[in-house]
Amino acid sequence: MNDTADRRDTPANQQWGGRFAAGPAAIMEDINASIGFDKKLWRQDIQGSLAHAAMLGKIGIIAAEDVAAITAGLGGIAQEIEAGTFPFATALEDIHMNIEARLTERIGEAGKRLHTARSRNDQVATDFRLWVRDALDGLTVQISDLMRALAARAAGHAADPMPGFTHLQTAQPVTFGHHLLAYVEMLDRDRGRLADARRRMNVSPLGSAALAGTSFPIDRDMTAAALGFDRPSANSLDAVSDRDFALEFLAAAAISAMHLSRLAEEIVIWCSAPYRFIRLSDAFTTGSSIMPQKRNPDAAELVRAKTGRVTGALVGLLMVMKGLPLAYAKDMQEDKEPVFDAAEAWALSLAATAGMVRDMTPDIARMREFAGSGFATATDLADWLVRVLKLPFRSAHHVTGTLVGLAEQKGVDLAGLTLEEMRAIEPGITAEVFSVLTVEASVASRVSHGGTAPANVAREAARWLSVLS
């Protein structure tokens, strides 16, 4: 007998079909089935079933020989799925029914005992939590890897000036290392959000059954511990009917993807011909089909674009959940695809960004040239007037603005003005003022905690590399 063919052609899901005389319409089968995507949960489904079977056996709800048969059967199914020979059947709707049906085919009546004291509702809630937790752990490792890449580059460029921008206009000089460490701080908060989400989601729904719990004397603490959860859920209705753990994961993903998109946008700008601050190798760029001179930062552009997919997944799942009364509703079948897609897009974006950070070659001389453009040391001049001449800051701001206007009129930078020209605006200015008008003096002076002074940057980069080692 061809098991695969028979199971694919089954007119109704025989696992629950006793209630129904006829099979579903084809369109109903298409919209109802989730096996096309929820088969990603197979590892977690087997993991949960093994824990459940062991607990049923320990309590004496099923016999020890049934537990042994179930354990061996599930092990064989895992091998089939890994080998690509498992007969997935759309008629069986989802990964849970597919595995259970195959288990019964392999071991007989013992397979039918596995579902004692549980429902697909608590089963899928458990599987999905386990999957999200696994994804979260992997993504945390990837974030840390990107942080290391950024901190290593920052350590090598702790004293190299570049323009700092506000409104994408030159504001004050900073160092390239300081700029890169800003993203390390953002990514660390992303890691923190994932850690917070993990703590809240690490509660086991298994044993909540359909919505009201079960009359069997199960040990939910045992299954929770076996699956690495901190504790079993306290309310069966909540356990099977909420997906806030998935929403929190997507919210953290959306914020982190936004951070990656900001860095990707800067990489695009820095690679552009008007800036030419960095260069990416052929490994992270593409050419043009018509313009042979082009080197397009496609990896960065795609990281920027994938942010839309991640944010869209969050908004989409919020819309699925917003109107659902307790407890479970089939709407919640739509929870998995956006999470799977967002996790994949986020992981790919993290990998691509880490690759670009390690690959890019900065043009230090060009960044230094731009760092001094646009009267970037004007704030240093104002600070000098306050510090040395004791002018009120607003007066110093006005004097500096007047000097900037004069320099702009003459086509020079502030250091290009003569001492006499400066004294014509503010008589108290001395030749000492020129010592603060260089880019190097500007960045060196920013010694406040968190400032861009090279010593600060070198120290912070070293600290991060130590933390992340």
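Right above here is the structure, for reference.
The following refers to the structure shown. None of the values given here were measured: they were computed from a predicted structure. (Residues numbered from 1 in each chain as written. Predicted model: local features only at pLDDT ≥ 70, side-chain atom pairs only at ≥ 80, totals over all residues. Heavy atoms only, no water.)

## Thoughts on the overall build of the protein
On a plain count of helices and strands, the protein comes out with 20 helices and six strands. Along the first, second and third principal axes, the C-alpha set of the protein runs to 100 × 55 × 40 Å. Within the protein, the proportion of its 469 residues that are buried is 49%. Contacts in the protein between residues at least 24 apart in sequence constitute 75% of all its contacts with a sequence separation of at least 6. For the protein, the accessible surface area stands at approximately 21,300 Å², while carbon and sulfur atoms represent 55% of it. (Helix = DSSP H or I, 4+ residues; strand = E, 2+ residues; numbered from the N terminus. Buried < 20%, exposed > 50% of the residue type's maximum accessible area, 1.4 Å probe, protein only. Contact = heavy atoms within 4.5 Å. Areas by Shrake-Rupley, 256 points an atom, 1.4 Å probe, with all protein chains shown as cover.)

## Notes on unusual backbone geometry
Here the amide bond leading from leucine 326 into alanine 327 is cis, since omega sits at 10°, within 30 degrees of zero. Considering the arrangement of structural elements, one finds alanine 327 in the loop between α13 (298-321) and α14 (336-359). A positive phi angle, near 70°, is found at alanine 117, a position not held by glycine. Locating alanine 117 in the fold gives a position in the loop between α7 (109-112) and α8 (120-156). Of note, phenylalanine 375 is a non-glycine position whose phi angle comes to about 55°, a positive value.

## Considering the pattern of salt bridges
Scanning all chains against the criterion turns up 23 salt bridges. A salt bridge links lysine 330 to glutamate 93; its shortest N-O distance comes to 3.9 Å. In this pair, lysine 330 is assigned in the loop between α13 and α14 and glutamate 93 in the loop between α5 (64-83) and α6 (95-107), connecting sequence segments 237 residues apart. By relative accessible area, lysine 330 is classed as partly exposed at 36%. Two residues, glutamate 265 and arginine 304, come together in a salt bridge whose shortest N-O distance is 2.4 Å. (Salt bridge = Lys/Arg side-chain N within 4 Å of Asp/Glu carboxyl O.)

## A look at the packing of α8 against helix α12 (residues 244-271)
Packed helices, taken two at a time, are described by the angle their axes make and the gap between the axes. Where α8 meets α12, the closest approach of the two axes is 11 Å, and the angle between their N-to-C directions is 20°. Judged by the angle between their axes, α8 and α12 are roughly parallel. The two elements α8 and α12 meet at a crossing, and its hand is left-handed. Between α8 and α12, the residues in contact are Ala125, Phe128, Arg129, Val132, Ala135, Leu136, Leu139, Ile143, Leu146 and Leu150 and Phe245, Ala246, Phe249, Ser256, Leu260 and Leu263, respectively. Class assignment of the residues belonging to the contact of α8 with α12 gives a composition of 14 nonpolar, one polar and one charged. (Axes fitted to C-alpha atoms, helices over the stretch in contact; angles between N-to-C directions. Parallel < 35°, antiparallel > 145°, perpendicular 65-115°, else oblique. Left-handed = near helix turned anticlockwise from the far one by under 90°. Nonpolar A, V, L, I, M, F, W, Y, C, P; charged D, E, K, R; others polar.)

## Some details on the side chain of serine 144
When you line up the elements, serine 144 lands in helix α8. In this structure, serine 144 is in contact with Arg191 and Leu468, ignoring residues within four places of it in sequence.

## Some details on the pairing of strand β2 (residues 169-175)
Note that strand β1 (residues 161-166) and β2 share six bridges and pair antiparallel. Bridge pairing in β2 places glycine 164 opposite glutamine 172. As consecutive antiparallel partners, β1 and β2 are separated by two residues, and within that stretch histidine 167 has a phi angle of approximately 60°, a positive value. (Pairing = 2+ DSSP bridges.)

## Details of the packing of helix α9 (residues 176-201) against helix α20 (residues 454-468)
Orientation of α9 relative to α20, taken along the N-to-C sense of each, is 35°, at an axis distance of 10 Å. Crossing of α9 over α20 shows left-handed handedness. Residue-level contacts link Gly177, His178, Leu181, Val184, Glu185, Asp188 and Arg191 of α9 to Val457, Glu460, Ala461, Arg463, Trp464 and Leu468 of α20. Taken together, the residues of the contact of α9 with α20 break down into six nonpolar, two polar and five charged.

## Topic: the environment of proline 338
Secondary-structure assignment places proline 338 in helix α14. Looking at proline 338, the relative accessible area reads 19%, which means it is buried. Setting aside chain neighbours within four positions, we find proline 338 in contact with Leu250 and Ala313.

## Notes on the nonpolar core
With 95 residues, the main nonpolar core has Leu150, Phe249, Val339 and Trp346 as its most contacted residues. It is α12 that contributes the most residues to this core, 16 residues altogether. Apart from residues no more than four positions distant in its own chain, phenylalanine 249 is found in contact with Val132, Ala135, Leu136, Leu139, Leu194, Val339, Ala343 and Trp346. Ranked by size, the runner-up nonpolar core spans 19 residues in total, among them Ala382, Trp384, Leu403 and Ile429. (Core = buried A, V, L, I, M, F, W, Y, C linked by side-chain atoms within 4.5 Å.)

## A few points about helix α4 (residues 42-59)
Counted at 1.5 Å a residue, the expected span for α4 with its 18 residues is 26 Å, and the 26 Å between its end C-alpha atoms agrees. Among all positions in α4, only Trp42, Gln44, Asp45, Ile46, Gly48, Ser49, Ala51, His52, Ala53, Met55 and Leu56 are buried. If you follow the buried residues of α4, they end up packed against α3 (35-38), α5, α6, α8 and α10 (220-226). Among the residues trailing α4, glycine 60 stands out with phi positive, at a value near 95°. (Expected span 1.5 Å × (residues − 1).)

## Details of the environment of alanine 407
Structurally, alanine 407 can be placed in helix α17 (residues 393-410). For the pair alanine 407 and threonine 438, spaced 31 residues apart in sequence, the C-alpha to C-alpha distance is 15 Å. Once residues lying within four places of it in the same chain are set aside, the contact partners of alanine 407 are Phe375, Val412, Asp413, Leu414 and Leu417.

## Topic: the side chain of arginine 153
With respect to the helices and strands, the residue arginine 153 is situated in helix α8. One buried charge, arginine 153, has no salt-bridge partner; the nearest side chain with opposite charge is aspartate 359, at 7.7 Å. Discounting chain neighbours no more than four positions away, the residues touching arginine 153 are Leu180, Val357, Arg358, Asp359, Met360 and Pro362. (Lys, Arg positive; Asp, Glu negative; His and termini not counted.)

## Focus: the environment of isoleucine 218
Here isoleucine 218 is to be found in the loop between β3 (203-204) and α10. You can call isoleucine 218 buried: its relative accessible area is 19%. Between the C-alpha atom of isoleucine 218 and that of alanine 283, which follows or precedes it by 65 residues, the distance is 55 Å. Those residues in contact with isoleucine 218, other than ones at most four positions away along the chain, are Met55, Leu56, Ile61, Ala117 and Gly207.

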